[in-house]
Amino acid sequence: MTSVMLSDPVVEELVSIVGRDRVFTDPAARFNRARVPAPFPVHRWAEHVPDAVVLPVSAQEVSEVVKLANRHRIPVVPRAGGTGLTDGAVPLQHGIVVDVKLMNKVFELDLEDRTVTVGPGINMMKLNEELRKHDVIYPDDPASYPCSLVGGRIGTSGWSLIGGRYGHTRDLVISFEMVLPTGDIVRVGDGGGKKVRKSSSGYQLKHLFMGHQGTLGIVTEATLELVPRPEAEFAAFFSYEDYESAWRSTGALARSGLATLAGVVLFDEWKIRYLRRDDEAYIPQPDSVKAVVAVAMYGVADEVRPAAKRIMRIGKESGGSYLGDEISQGDWASRHDRYATPLHGRLPDRQVAPMSWHCEDASINWSQLPKVREKWHALVSDLIERHPIFDDWGMFAYTNGAYKPWGDYLTEIDVGIWEQELDDESWEAWVNCKRDIAAVSLEHGGSISACHGSCRAGEVDLVPEELGGGFEVMKKIKKALDPNNIMNPGKYLLDSAYEDGGETL
Ligand SMILES: Cc1cc2nc3c(=O)[nH]c(=O)nc-3n(C[C@H](O)[C@H](O)[C@H](O)COP(=O)(O)OP(=O)(O)OC[C@H]3O[C@@H](n4cnc5c(N)ncnc54)[C@H](O)[C@@H]3O)c2cc1C
């Protein structure tokens, strides 16, 4: 599809809402907004291209676009940084993409009650550049820190690399304004107060409207938590000659009970091999290294210094060799620089291929990590045998709970994909593999996704199994709030809510 499917009068209505210079119907603007970094059946790109893109600058404009979409029964898909890894911002059923990038203002900085109120189009790096001069930060710190935006962080209910210390997006967003699927504008948070962190008034709506992948509305403003800019930062990397010892050490470090602990991450042998081979940001480690455990801490110097001593003791007592300051501090400092790495890969029989990558990101309890790792690698290796356009880029497990990091881990397997070589057969094999990977997570009492969401083909089939009766509640909520199914249709199997007599597009 290269021609616009919306009728001219509808496009003219959009123009009357946001102005001619903020409505795009040309193929470049539309194809561009159909893409996300996750592997994508490029041979079927045209199936998911929006008919028009709008760039609103106010909640009122967003509301008018959504009302128009309701009148004409046109799908609406919110898009922020477009870095999501579950196809959330991909317009599966065409329609209008609402790109929030121009809604990037800082509206209010409140240093007394420690909040900042922003538009959904700002990224964390820019925001923190502003905040730094006031000695505070907004500590949502994903690996996509420079390129994901506040709206997308709420849309996905994101996960932060320093979430053990400061919490994840759901803990850091205090309240937000959003346009509901009917076009009504509401504010949700903990209770009514825009800056209140804990309330028992009514339903806790903030959580309902986080992680819905744009299926329940569009965030137009958010009030965020500020924390003191950390005085001290400490990172230590330990190496191990086998996975088992590294896994035990990870558990011991995560259970240390230190309040300054921001995260503990365990890289397995496949991951180390991949980093050695393909990652320009990687500082090489000795060949004997088969697994690495990294620890990060933040806080005031008087807390971090003694806590660092304890971390060094636990790391060494549990069999780790300290990899030195250059690797520890250097590798930790480069945690946001890996965006470009997945754009190419080195397949065994080829030099460099333009590649994309995908990560399965389950929540898995510590006790289950070794078994899940074995099964996931086996599934991916079977896939590679049949389709050599895939490559196993290794696994990591990262403490997942905010403030209580010991229980479950964001567990990722990264799979490199030579996307341009995808065809129907290899795409189907990939989708089946993703479903099998998700099934292993459920078998081991885990959740299909810890941070990206579970919308993609394959894994999404198991969401009803994971959520049980909760999935039926999700469908009822979706239908009640979005009677015409205009908000991001096709996601999370929610179209099924409309099958028995409700409206479908
Ligand atoms: C290199 C790399 C590293 C990554 N590291 C991490 C990580 O450490 N932690 C992590 O959590 N994720 C990570 N991700 C995934 C991704 O960055 C996150 O999911 C992020 O939260 C998406 O934000 P975005 O602004 O790009 O949103 P988009 O991709 O544009 O959108 C994501 C979802 O939110 C919806 N949405 C967008 N804007 C709004 C809005 N205003 N209102 C309502 N819904 C909206 C979209 O419809 C979509 O469903 C990484 C991705 C990459 C490419």
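Refer to the structure presented above.
Rules used in this analysis
Residues numbered from 1 in each chain as written. Predicted model: local features only at pLDDT ≥ 70, side-chain atom pairs only at ≥ 80, totals over all residues. Heavy atoms only, no water. Phe/Tyr/Trp six-rings, centres within 6.5 Å; stacked < 30°, edge-to-face > 60°. Helix = DSSP H or I, 4+ residues; strand = E, 2+ residues; numbered from the N terminus. Buried < 20%, exposed > 50% of the residue type's maximum accessible area, 1.4 Å probe, protein only. Lys NZ or Arg CZ within 6 Å of the ring centre and 35° of its normal. Pairing = 2+ DSSP bridges. Salt bridge = Lys/Arg side-chain N within 4 Å of Asp/Glu carboxyl O. Axes fitted to C-alpha atoms, helices over the stretch in contact; angles between N-to-C directions. Contact = heavy atoms within 4.5 Å. Core = buried A, V, L, I, M, F, W, Y, C linked by side-chain atoms within 4.5 Å. Patch = residues over 30% accessible without salt bridge, like charges linked within 9 Å, V, L, I, M, F, W, Y side chains within 5 Å. Areas by Shrake-Rupley, 256 points an atom, 1.4 Å probe, with all protein chains shown as cover. Lys, Arg positive; Asp, Glu negative; His and termini not counted. Charge placed at Lys NZ, Arg CZ, Asp CG, Glu CD. Arc of directions from axis to C-beta. Near = heavy atom within 4 Å. Polar contact = N/O pair within 3.5 Å; in protein donor to acceptor, adjacent residues only side chain to side chain. Nonpolar A, V, L, I, M, F, W, Y, C, P; charged D, E, K, R; others polar.

Caption draft 1: Looking closely at the packing of aromatic side chains. Under the defined criterion, the tally for this structure stands at 8 aromatic pairs. Ring centres of tyrosine 274 and tryptophan 393 lie 4.7 Å apart, and the angle between their planes is 15°; this geometry places the pair in the stacked category. One end of the pair, tyrosine 274, is in helix α10 (residues 269–278); the other, tryptophan 393, is in strand β19 (residues 390–399), with 119 residues separating them in the sequence. A residue is classified by how much of its surface remains accessible, and tyrosine 274, at 6% relative accessible area, is buried. According to the relative accessible area criterion, tryptophan 393 is buried, its value standing at 1%. Above the plane of the ring of tryptophan 366 lies arginine 255, whose end atom (NZ or CZ) is 4.6 Å from the centre.

Caption draft 2: Fine view of the sheet that holds strand β1 (residues 23–24). In space, the 4 strands of this open sheet follow the order β1-β2-β4-β3, with mixed pairing throughout. What marks the edges here is a single partner per strand, and that holds for β1 and β3 (76–79). Examined bridge by bridge, β3 and strand β4 (residues 96–99) share 4 bridges and lie parallel to one another. Among the inter-strand pairings, arginine 79 is bridged to a residue of β4, identified as aspartate 99.

Caption draft 3: Focus on the pattern of salt bridges. In this structure the tally under the stated criterion is 32 salt bridges. Lysine 195 is paired through a salt bridge with aspartate 110; the nearest N and O atoms lie 2.8 Å apart. One end of the pair, lysine 195, is in the loop between β9 (185–189) and α8 (205–208); the other, aspartate 110, is in strand β5 (residues 106–110), and 85 residues separate them in sequence. By relative accessible area, which is 22% here, lysine 195 ends up partly exposed. With relative accessibility at 10%, the residue aspartate 110 sits in the buried group. For arginine 277, the salt bridge identified is with aspartate 278, shortest N-O distance 2.8 Å. For aspartate 278, a relative accessible area of 1% corresponds to the buried category. Counted as one network, the salt bridges with shared partners bring together Arg33, Asp99 and Lys101.

Caption draft 4: Representation of the sheet that holds strand β6 (residues 115–118) within the structure. Read from one edge to the other, the open sheet built from 5 strands follows the order β5-β6-β10-β8-β9, with strand pairing classed as antiparallel. Each edge of the sheet is formed by a strand with only one pairing partner; in this case those strands are β5 and β9. Shown here is a sheet whose adjacent strand axes are inclined to one another by a mean of 15°, direction ignored. Sheet analysis places β6 next to strand β10 (residues 218–225), joined by 4 bridges and oriented antiparallel. Opposite threonine 117, over in β10, you have threonine 223 as the bridge partner. Strand contacts of helix α3 (residues 59–72): β8 (173–179), β9 and β10, with the helix running at about 45° to β8, the strand carrying the most contacts. Running over the sheet, helix α4 (residues 124–132) touches β5, β6 and β10 and is turned about 135° from β6.

Caption draft 5: Focus on the nonpolar core. Ranked by internal contacts, the top residues of the largest apolar core, which has 89 residues, are Ile311 and Trp332. The biggest single contributor to this core is strand β14 (residues 291–299), with 8 residues. If sequence neighbours within four positions are ignored, isoleucine 311 has contacts with Phe234, Phe238, Leu253, Ser256, Leu258, Leu261, Val295 and Met297. Judged by nonpolar contacts, the second largest core, of 26 residues, contains Leu6, Val18, Ala52 and Ala80.

Caption draft 6: Layout of a negative patch on the surface. A grouping of Glu421, Asp423, Glu425 and Glu428 is seen on the molecular surface, where their side chains present a negatively charged patch. Mapping aspartate 423 onto the fold places it in the loop between β20 (408–417) and α14 (424–443).

Caption draft 7: Fine view of helix α12 (residues 325–333). Those residues of α12 not exposed but buried are Ile327, Ser328, Asp331 and Trp332. Looking straight down α12, one finds that the buried residues subtend no more than 110° of arc, so they occupy a single side. Exposed side chains of α12 directed beyond 90 degrees from the buried face belong to Glu326 and Ala333. Among the structural elements, β12 (232–240), β14, β15 (321–322) and β19 are those in contact with the buried residues of α12.

Caption draft 8: Examining the pairing of β10 more closely. Where burial is concerned, most of β10 is hidden: 8 out of the 8 residues are buried. Here β8 runs beside β10; their pairing, made up of 6 bridges, is antiparallel. The residue of β10 that forms the bridge with valine 173 is leucine 224.

Caption draft 9: Summary view of the environment of glutamate 244. Relative to the elements of secondary structure, glutamate 244 occurs in helix α9 (residues 243–254). Residue glutamate 244 is classed as partly exposed on the basis of its relative accessible area, which comes to 39%. With 213 residues separating them along the chain, glutamate 244 and alanine 457 place their C-alpha atoms 33 Å apart.

Caption draft 10: Main features of the site of the ligand. Around the ligand lies a shell of 35 residues, among which Pro78, Ala80, Thr83, Gly84 and Ser144 are the nearest. Here an oxygen atom of the ligand and a backbone polar atom of glycine 152 are 3.4 Å apart. Side-chain polar atom of glutamine 213 to an oxygen atom of the ligand: 2.8 Å apart, as the coordinates give it. If the ligand stood free it would expose 980 Å²; the protein chains cover 97% of that surface. At 5 residues, helix α5 (residues 150–156) tops the list of elements feeding residues into the shell around the ligand. Among the residues forming the shell around the ligand, the class breakdown is 16 nonpolar, 17 polar and 2 charged.

Caption draft 11: Quick look at a nonpolar patch on the surface. Residues Tyr203, Leu205 and Leu208 make up a contiguous nonpolar surface patch of about 320 Å² in total accessible area. Here leucine 205 lies in helix α8.

Caption draft 12: Fine view of the side chain of histidine 336. Relative to the elements of secondary structure, histidine 336 occurs in the loop between α12 and β16 (344–345). You can call histidine 336 buried: its relative accessible area is 15%. Looking at histidine 336, its side chain comes within polar contact range of the side chain of aspartate 141, at 2.9 Å. If near-sequence neighbours (up to four positions away) are discounted, histidine 336 is found in contact with Asp141, Pro142, Ala143, Tyr145, Pro146 and Leu161.

By themselves, these figures tell us nothing about what the structure is for.
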